[in-house]
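Spelled out from the first residue to the last, the chains are:
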Amino acid sequence: MSAARVSQRISAIAESATLAVDAKAKALKAAGRPVIGFGAGEPDFPTPDYIVQAAIEAAGQPKYHRYSPAGGLPELKKAIADKTLRDSGYAVDAAQVLVTNGGKQAVYNTFATLVDPGDEVIVPTPFWTTYPEAIRLAGGVPVEVFAGPEQDYLVTVEQLEAALTDRTKILLFVSPSNPTGSVYSPEQVAEIGKWAASKGLWVVTDEIYEHLTYDGVPFTSIATAAPELGDKVVILNGVAKTYAMTGWRVGWMIGPADVIKAATNLQSHATSNVSNIMQIAALAAVSGPLTAVDEMKVAFDRRRKAIVAGLNAIDGVECPTPKGAFYVYADVRALLGKEFPTASGTATPQTSAELAALILDEVEVAVVPGEAFGPSGYLRLSYALGDEDLATGVQRLQDFLGKAQ
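In this text, all values refer to a predicted model and were calculated from it rather than measured experimentally.

**Q** Would you mind going over the overall build of the protein chain in detail, with residue names and values included?
**A** Scanning the protein chain from N- to C-terminus turns up 14 helices and 14 strands. Relative to the compact-globule value of 22 Å for 405 residues, the protein chain shows a C-alpha radius of gyration of 21 Å, a close match. Referenced to the eigenvectors of the C-alpha coordinate spread, the extents of the protein chain come out at roughly 60 × 60 × 55 Å. In the protein chain, which comprises 405 residues, the proportion classed as buried is 57%. For the protein chain, the share of sequence-separated contacts (at least 6 apart) that also reach a separation of at least 24 residues comes to 73%. Of the roughly 16,600 Å² of accessible surface on the protein chain, 53% is carried by carbon and sulfur atoms. On the protein chain, the mean spot of the 33 positive side-chain charges and the mean spot of the 45 negative ones are 5 Å from each other.

**Q** Let's hear about helix H12 (residues 291–312): which residues, and what values?
**A** For H12, with 22 residues, the first-to-last C-alpha span of 32 Å sits near the 32 Å given by 1.5 Å per residue. Along H12, the residues that are buried comprise Ala292, Val293, Met296, Ala299, Phe300, Asp301, Arg303, Arg304, Ile307, Val308, Gly310 and Leu311. As for H12, its buried residues are in contact with strand S9 (327–331), strand S14 (378–382) and helix H14 (387–401).

**Q** Got a sec to walk through unusual backbone geometry? Specific residues and values, please.
**A** Trans is the common state for peptide bonds, and a negative phi is the common state for residues other than glycine. Omega for the bond connecting threonine 125 with proline 126 falls within 30 degrees of zero, at 10°, which places this linkage in the cis form. On the secondary structure map, proline 126 appears in the loop between strand S3 (120–125) and helix H6 (130–137). In the segment running from serine 175 into proline 176, the intervening peptide bond is cis, with an omega of -5°. Looking at where proline 176 falls in the secondary structure, it is placed in the loop between strand S5 (168–174) and helix H8 (186–198). If you check the backbone angles, arginine 249 has positive phi at about 65° while not being a glycine. The residue arginine 249 is located in the loop between strand S7 (233–238) and strand S8 (251–254) in this model. Owing to a relative accessible area of 33%, arginine 249 belongs among the partly exposed residues under this scheme.

**Q** Can you tell me about the pairing of strand S2 (residues 97–100), naming the residues and giving the values?
**A** Alternating positions in S2 separate into two faces, Val97 and Val99 on one and Leu98 and Thr100 on the other, with burial throughout. Here S2 pairs with S8 via four bridges, running antiparallel. Across the sheet, the residue bridging to threonine 100 is glycine 251, located in S8.

**Q** Could you give me a rundown of the packing of aromatic side chains, with the residues and numbers involved?
**A** The tally for this structure, following the rule as stated, stands at 13 aromatic pairs. Consider the rings of phenylalanine 146 and tyrosine 378, whose centres lie 6.0 Å apart with planes at 50°: the pair is tilted. Here tyrosine 378 lies in strand S14 and phenylalanine 146 lies in strand S4 (residues 141–146), a separation of 232 residues in the sequence. When the centroid spacing of 4.9 Å and the interplanar angle of 45° are considered together, the rings of phenylalanine 173 and tyrosine 184 count as tilted. Here phenylalanine 173 is found in strand S5, whereas its partner tyrosine 184 is found in the loop between S5 and H8, with eleven residues between them in sequence. Since its relative accessible area comes to 2%, phenylalanine 173 is described here as buried. One aromatic cluster is present, formed by Phe45, Tyr209, Phe300, Phe326 and Tyr327 through successive ring pairs.

**Q** Which residues make up the environment of valine 367, and what are the values?
**A** Turning to its location among the elements, valine 367 is positioned in the loop between strand S12 (365–366) and strand S13 (368–369). Taking the relative accessible area as the measure of exposure, valine 367 reaches 4% and is therefore buried. When sequence neighbours within four positions are dropped, the list of residues in contact with valine 367 reads Val21, Phe38, Ala356, Ile359, Leu379, Arg380 and Leu381.

Parameters and conventions
- Residues numbered from 1 in each chain as written.
- Predicted model: local features only at pLDDT ≥ 70, side-chain atom pairs only at ≥ 80, totals over all residues.
- Heavy atoms only, no water.
- Helix = DSSP H or I, 4+ residues; strand = E, 2+ residues; numbered from the N terminus.
- Rg over C-alpha atoms; globule rule 2.2 N^0.38 Å.
- Buried < 20%, exposed > 50% of the residue type's maximum accessible area, 1.4 Å probe, protein only.
- Contact = heavy atoms within 4.5 Å.
- Areas by Shrake-Rupley, 256 points an atom, 1.4 Å probe, with all protein chains shown as cover.
- Lys, Arg positive; Asp, Glu negative; His and termini not counted.
- Charge placed at Lys NZ, Arg CZ, Asp CG, Glu CD.
- Expected span 1.5 Å × (residues − 1).
- Pairing = 2+ DSSP bridges.
- Phe/Tyr/Trp six-rings, centres within 6.5 Å; stacked < 30°, edge-to-face > 60°.

Here is the structure:
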């Protein structure tokens, strides 16, 4: 009997649905189709000039043409520690920082370092598509805890308690959330953190959208809101969203020194150091002002209000107003099973995946279906695209979805 060409472990990984949708939209655009892409969470702004200039200058310095420590340039690790104290009120030293190739490597490193086969990780749902795959790659078992729009997509301690077993090792916590844009209040963050501490759990918290909150809603780091967690917390972050640096690929993980040392050892065999040029750009970003993100937030806030109003004007769509990040998570369960006129006749989508495919084919609008983030019945739309594209895309959705019978 011939052996499989690809390992079971890798064969079991689901493709990143968000990147797949974005890739299809870009391919259609390249073919001349007027596609509007709500798929990828990618600011449409250029990276600020001072960050770009720092990278240009670094490229001319021979010392940055060489290998550097696998865990990151010392000056960047210190700057990340300083930034974490500034923004989260959480004091760490440079030895507790590992610089990674984007936020995704920080996610992978963390679960690979903490999870043994069979360990369970509680994953509030809807979740970002990469989390469960990274958990499974490490041999862990993601345990989904779903919170719907009626509770603003925010899980409760009671729900977490119900998911707890003797195999539970980690609680994943994300606020502001991708894909829903929901933000936990300071009181909710503290309550969840204290609960996790009382159960002896690790908390892995993704704070990459920390600077993107609206309506006066504060960002609260669970690491500081629940000091009871002690050294059983790992913070994931990066420069991608705050500074419009998605393509630069610099993230980091912060945790207790023994975990960071072990994760650094893993990274030394996987990728070694992050590009030095990119690290110097990240240094300029985290050491500099937050002016750029403040300016972007004005545009994001405007787009947030426009997309929520536009989607809620469609019969059968319920779209809560997100308080953070740059996504809306629209409930379209009422549209499933309905008949839509198409160029070739009619179609009756039964799932949000079928509905998303229909929308792309019929009106050339790319959205990500709920199946990528948990249960079917929802669509995620990023409003990090330009105002004109947003208005055009929402109008197309209104015209098409409004024809449901």
